[in-house]
Structures are given as C-alpha cells and as structure tokens.
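One-letter residues, chain by chain:
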Amino acid sequence: MASAAGIDIGAVDIEVRELERLRAKYAHERDRRLRAEGVAQYRSATGKYGYYAKDPYTPTIERRPVDDRVDALVVGAGFGGLLTGARLRETGLERIRLTDEAGDVGGTWYWNRYPGIHCDIEASVYMPLLEEVGTVPTRRYAPGEEIRRHAVAIAEHYRLYEHALFQTRVTALTWDEENDEWVAGTDRGDVVRARYVVVSQGTLTQPKLPGIPGIDTFRGNTFHTSRWDYAYTGGTAEGGLTGLNDKRVAVIGTGATGLQVVPHVGRDAQHLYVFQRTPSTVGVRDNRPLAENWPASLKPGWQRDRMNNFLAAVTGEPVDEDLIQDGWTRTARLQRTYLAGVVDTSVPEPERQLTDEMLDARAMNEIRARVDEVVSDPAAAEKLKPWYRYMCKRPGFSDEYLPTFNRPTVTLVDTADTGGITRMTETGVVVGEDEYPVDCVIFATGFDVGRSGVVTGALPVIGRGGRALLDTWREHGPQTLHGLYSPGYPNLFLLGSMQNANAVNFVHILQEQADHIGAVVARAAETGARCVEPRTDDAVAWVRTIEEVSADTTAFQAECTPGYYNAEGRTVAARTYSPGPVAFHRLLREWRAEHLDDVLVPSAQSGTR
Ligand code: NDP
C-alpha cells in the first residue's frame, strides 16, 4: 500500500514530462477555486454572526469589576500564556493574572471539543511541561480533552488560577510613565495595573464562516466545529452522537478539522453530506495507545531532547536519529517550500528546486494513490484527490476519513466548480442547481487567521509619550527585537511568529519565547532594573536581519490553490527567521549569554531609549 508517511525522499523517479502535466493540472485546479473577493469571501463570527462564537461550555461568569495591581498580566490563557505564566512564576513573581475571553484555560483546546479531536503532532513533543507537571499522555496523538486537562494541570501546578479572570477581554493597555506600569482596561470594567504585560492571543481563535447567501435563513440547527453543540448531537468528543441518528447533516469544510469530524458524523448520522471545495492531503495517521507510565524509563530532560529532535528533524537540521518518525518528519524536505528551515545550498538553486518539485510530485502521487486504494466509488475517489503541491495547504493525516466515503449513508458533494456553496435556504444547502435538504449544518470552515489584537488594533496599546503602538509601526513598520518587545513599550512582551520563528510544532516556539521572557525578567529583578525595553538601534538592526534572511516563498505560494496559507491566492511574505527555529533558538541563547543587560533600563535612567 502506498503510504504518505513512508515517502522515501532519497530517490527521484518522476519524469520532467510528468511534472509539466502536473503543473498544468495544478494550475487548472487552482483557477477553478480562485475567487475575486479573496479573504473578503468570509465572515467573522461577530455581529449578526456572533451566535457562532458563543461559548457553549461555561455559563456566564458573574463577578464585580476588579481594580487592583499585579506583577504580571498575561492576556491569553492558551499554551503561550500558560508557559509564560509558568516561567514568570519560576522567576519569583507572585501576583500573576491570566485573562482570557474563554471560560477557562486551554486556548484552542478550550474552544475545540468536536468529536474526533486529536492533536496531529505527537503528544510527547506537543504537550508542554509533561515532566514538570507529571502528565502522561495515553495515546501517541492525544485526544483534545486530554490536552485541555493538561492545560488545566499546568495552571494548577503553577498557581495560575489564583488571580485569573475568564470571560474577560482586555480592551486597552496604557503605559503609566510615572509609576512604570501598565494600566489595562477590560470589557468587564476592570482596571488592572501591572508591572509586566504579556500578550499571547494565538493565531486561529475567531471562528470564520463562508459568506454564503442565505446563511441566516436556514431554520435547522447550525454551529461551528469550535463551538460543538453536544446538547443536540449527543455523545462526547469520543463519538456516540446518538442525537444525529435520525438527522440529515451537512458538514461544510474538509480541512484538518473536517478530517477529524467527518468519520464520527458519518458513523452516527442518518445521512451525512460532506461539502468539499478543496480536498485535503490525507496521510497515514497511525495513532495508537501508549504503555501506562511510559516515561518512567526515560532520563530526566527527555522531553526537551525529544522536542529538539522533532524540531531539528522537521526543519532540515542534522539529527543522529529521527526519534518521532511520522508523517511530519518524513516529509520534512517538502515542508521547506513554505516553512523556515535549512536548505541544501551545495547544489545550484534551480536544480534543488527541480528536485524538490519531483519529490513533491512523488509524495502527492502516493497520497492520490491512497485515495484510489481506500475509496471504492471511482467518481468519489477522483473528487477526493488533491491536485496541488504538498505545502500549499496544511497537510492532513487520518486513517478513518477516506473509508467514511464507502458508507452508503455518506455523500460527497464537490463544490469546486461553483467556488463553494451556492446558497442556503430555510431547509438546506444548494450547490449549483441542486438542493440538499438537511436538518443540521456544521461549519468546519476554520478561523480568521489571526494576528493578535495588538496588530489588528482590537487591543490598542499606548506606550511612552502617549504614542500608539500601531502608529509607531505604521510609520516604521513593525519594529521589535526578536519579535518579542518594542522600543517605546517597556515591559510588554508579544508572543507569536512575527520577526521570531515558526514551526509545525508551534508550542515549541512558544516554549522558547516563554523561556526567553523568563530569563529577561529574572535578570531585571536580579539587577533591580527600572524596566525592560529594547534599544531602538537594536530593534532596527533586528528588523534588517529578518529582511535579509527572509526566504522568498511567494513564487511557490502564487502557484498554490487558495487557502489561508496564501491569503486565498494572493501570497504572503514570510516575516520570520528563515534559517529556521533551531538556528534562531541558538541565536537567542547566545544573545542571553552576552546581551541580557542591553534590554534593561537602569533604575536611575528615565525616558525613552
Ligand atoms: P481550514 O481553514 O483549514 O479549512 C476550512 C475548510 O472550509 C476548507 O476545506 C475550505 O475549503 C472550506 N470552505 C471555506 N469556505 C467554503 C465554502 N464557501 N464552501 C465550501 N467549503 C468552504 O480550517 P480547519 O478548522 O480545518 O483547520 C484550521 C487549522 O487548525 C489547521 O490548518 C491547523 O493549523 C489547525 N488544526 C490543527 C489540528 C491538529 O491536530 N494539530 C486539527 C485541526 C485543525 P477550501 O480549502 O477550498 O478553502
């Protein structure tokens, strides 16, 4: 059987003529899906669509506004906020306040509880602080609920619930020059004064809907996968959706989420219609239970070693042994076309690109062959084949998704020719001239590709001299040192990939950011610094470094089928450290050894740097 996970990167056996045929086919398939409106085709789950973002998991928390002072305010209680909170706790900060719009910690794992949810990155490297907290994942790819509970365990272990405010959105941050602290306002009327502020708002949080005409006329039940309505479907994230036994259900969207949801709904619904615009790549998953207490025989520090090994393997760094050996590490070279990492410069660029394209073609041929092997209806199989290069969309993995289309109660409805769903009526979904009557419509249509509120303006930040961060950035472009802090905005740390690093296992990136912030804050405490703030010259130099090293992936993206990776066909310039996260983390370590004091404003000094 062809195995997507088993791509042998060594041999190249694709003929150039086949490559030309593939290029033409890929361009044809991309053009069928390109929409003039680009990202404007979508609607955020706000305003009249706000219903789709409502929290189904936690009843409204009633509380009085707070007016107090903390050592650190952490905006966002996903893994970025938790990891930074943990490190700040270790530096000795006492009053640490997590805030989140959700009803608890967990970020994406708080919101996403749909049936079938698993993390498709191995638990041993994805779930942070396993050794510190003592959590032992039960499956190679952990179920979402296990990850969510681990997030809760981290918050408990580091006492991060003590001052936490949930269902609370920070609406403004203003630097108080006189007192060297931030003043935060919230949508609950709180006033929180904080010495340090950390913003970690994630990238895929706000549910997104297609702008389908008639979407609000549908009279059946409807919800987004990140707000699963178990009261209606019955069952749990493990399945058993008995409420759907007598229901005709539409699932719209076949990305990484659709791949996990469809097998469960397909098993339990009276009839399932899967509305697909672009098929995902479906590589081998190979999930399995792990032995009880499996880390017992491992040496302390094993998790960092394993995380480092995975990061190195997927970003093209040399490793003695690939400890993970899964679909991610085996396709590492293909990932270089889009993500940062090491490229082989010993061969001329055109030759390398041609070899990459051939390897890509081979991998995609295997993925398409798997569809033919698994799906018995040749017409459905044809529609389920992805025709684009491997990293044009986020790769998917599943051993249950494709077999679902062999069920007589599951129908695949391809919408590529109409650029998606044509419209919705009171009773169903229309594609072209055909109406599909359904009782329930589930949107697996993804998220606004977020940038933090700091960057979109949803969270205004006013720094030294009453200057808005966005005004400063509009004038000079985003100006940070290592992506983490900006001159003029003391004691404010921003988590994310901008001018920092990116990787498949983004939690690892967040871990390194948290470690770095922890080291800076510890040094500030040790030296009695007035505050932390990078010098303008250092930030300017860092931005220049990012510009100089940034790999240009725009040519690759321009040929890709539309999706959020290329802003629906428009291409997005990389703004991360292209030599890759391993090199970037090395750079940070070296910087910490030599330059920690460069970002400290001594207690005697005042004003901007
Ligand atoms: P995606 O944005 O990846 O997918 C959205 C889906 O909706 C696509 O199939 C898209 O089709 C489809 N769609 C959008 N508009 C229409 C329309 N008008 N008509 C028909 N179909 C439409 O969202 P996901 O929630 O699947 O995934 C988001 C991200 O979340 C992933 O990329 C991944 O980063 C993360 N994730 C991670 C998981 C993990 O295990 N670590 C698991 C699940 C998600 P088209 O492709 O044509 O635009």
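Residues numbered from 1 in each chain as written. Predicted model: local features only at pLDDT ≥ 70, side-chain atom pairs only at ≥ 80, totals over all residues. Heavy atoms only, no water.

## Description of the nonpolar core
Move 1: Formed by 125 residues in total, the largest nonpolar core has its most connected members in Phe-79 and Val-265.
Move 2: Looking at this core element by element, the count peaks at eight residues for helix H17 (residues 506–527).
Move 3: Residues from two domains meet in this core; each of domain 1 (38–53 + 208–279 + 368–443) and domain 2 (67–206 + 449–545 + 582–606) gives at least three.
Move 4: If we skip the residues at most four places from it in the chain, Val-265 touches Trp-228, Leu-241, Leu-244, Val-249, Val-251, Leu-272 and Ile-442. (Core = buried A, V, L, I, M, F, W, Y, C linked by side-chain atoms within 4.5 Å. Buried < 20%, exposed > 50% of the residue type's maximum accessible area, 1.4 Å probe, protein only. Helix = DSSP H or I, 4+ residues; strand = E, 2+ residues; numbered from the N terminus. Domains from an automatic or database assignment. Contact = heavy atoms within 4.5 Å.)

## Quick look at unusual backbone geometry
Move 1: Of note in the backbone geometry, Gln-325 takes a positive phi value of approximately 45 degrees without being a glycine.
Move 2: Position of Gln-325 relative to the elements: it lies in the loop between helix H9 (302–314) and helix H10 (327–330).

## Quick notes on the site of the ligand
Move 1: Around the ligand lies a shell of 25 residues, among which Asp-120, Thr-257, Thr-278, Lys-393 and Tyr-564 are the nearest.
Move 2: Between the ligand and the protein, one listed contact pairs an oxygen atom with a backbone N or O atom of Asp-120 at 2.7 Å.
Move 3: Thr-257 places a polar side-chain atom, nitrogen or oxygen, 2.6 Å from an oxygen atom of the ligand.
Move 4: The protein chains hide 89% of the 930 Å² of surface that the ligand would expose on its own.
Move 5: Of all the elements in the fold, those that place two or more residues in the shell around the ligand are strand S7 (204–210) and helix H8 (256–268).
Move 6: The residue inventory of the shell around the ligand, partitioned by class, reads 11 nonpolar, 10 polar and four charged.
Move 7: The residue makeup of the shell around the ligand includes at least three contributed by each of domain 1 (38–53 + 208–279 + 368–443) and domain 2 (67–206 + 449–545 + 582–606). (Near = heavy atom within 4 Å. Polar contact = N/O pair within 3.5 Å; in protein donor to acceptor, adjacent residues only side chain to side chain. Areas by Shrake-Rupley, 256 points an atom, 1.4 Å probe, with all protein chains shown as cover. Nonpolar A, V, L, I, M, F, W, Y, C, P; charged D, E, K, R; others polar.)

## Some thoughts on helix H20 (residues 581–595)
Move 1: With 15 residues, H20 ought to run about 21 Å at 1.5 Å a step, and its terminal C-alpha atoms sit 20 Å apart, in line with that.
Move 2: Taken together, the buried positions of H20 are occupied by Pro-581, Val-582, Ala-583, Phe-584, His-585, Leu-588 and Trp-591.
Move 3: Along its buried surface, H20 packs onto H9, H17 and helix H18 (536–549). (Expected span 1.5 Å × (residues − 1).)

## Focus: the environment of Thr-536
Move 1: Positionally, Thr-536 belongs in helix H18.
Move 2: Taking the C-alpha atoms as reference, Thr-536 lies 51 Å from Gly-214; in sequence the two are 322 residues apart.

## Section: the packing of helix H2 (residues 79–90) against H17
Between two packed helices, what matters for the description is the angle formed by their axes and the separation of those axes.
Move 1: It is the contact of H2 with H17, at a shortest axis distance of 8 Å, that shows an interaxial angle of 30 degrees. When the interaxial angle is binned, H2 and H17 end up roughly parallel. For the crossing formed where H2 meets H17, the hand is right-handed. On the side of H2, the interface is formed by Phe-79, Gly-80, Leu-83, Thr-84, Arg-87 and Leu-88, while H17 contributes Val-507, Leu-510, Gln-511, Ala-514, Asp-515, Ile-517, Gly-518 and Val-521.
Move 2: Class assignment for the residues of the contact of H2 with H17 results in eight nonpolar, four polar and two charged. (Axes fitted to C-alpha atoms, helices over the stretch in contact; angles between N-to-C directions. Parallel < 35°, antiparallel > 145°, perpendicular 65-115°, else oblique. Left-handed = near helix turned anticlockwise from the far one by under 90°.)

Honestly, it's all geometry; don't read function into it.
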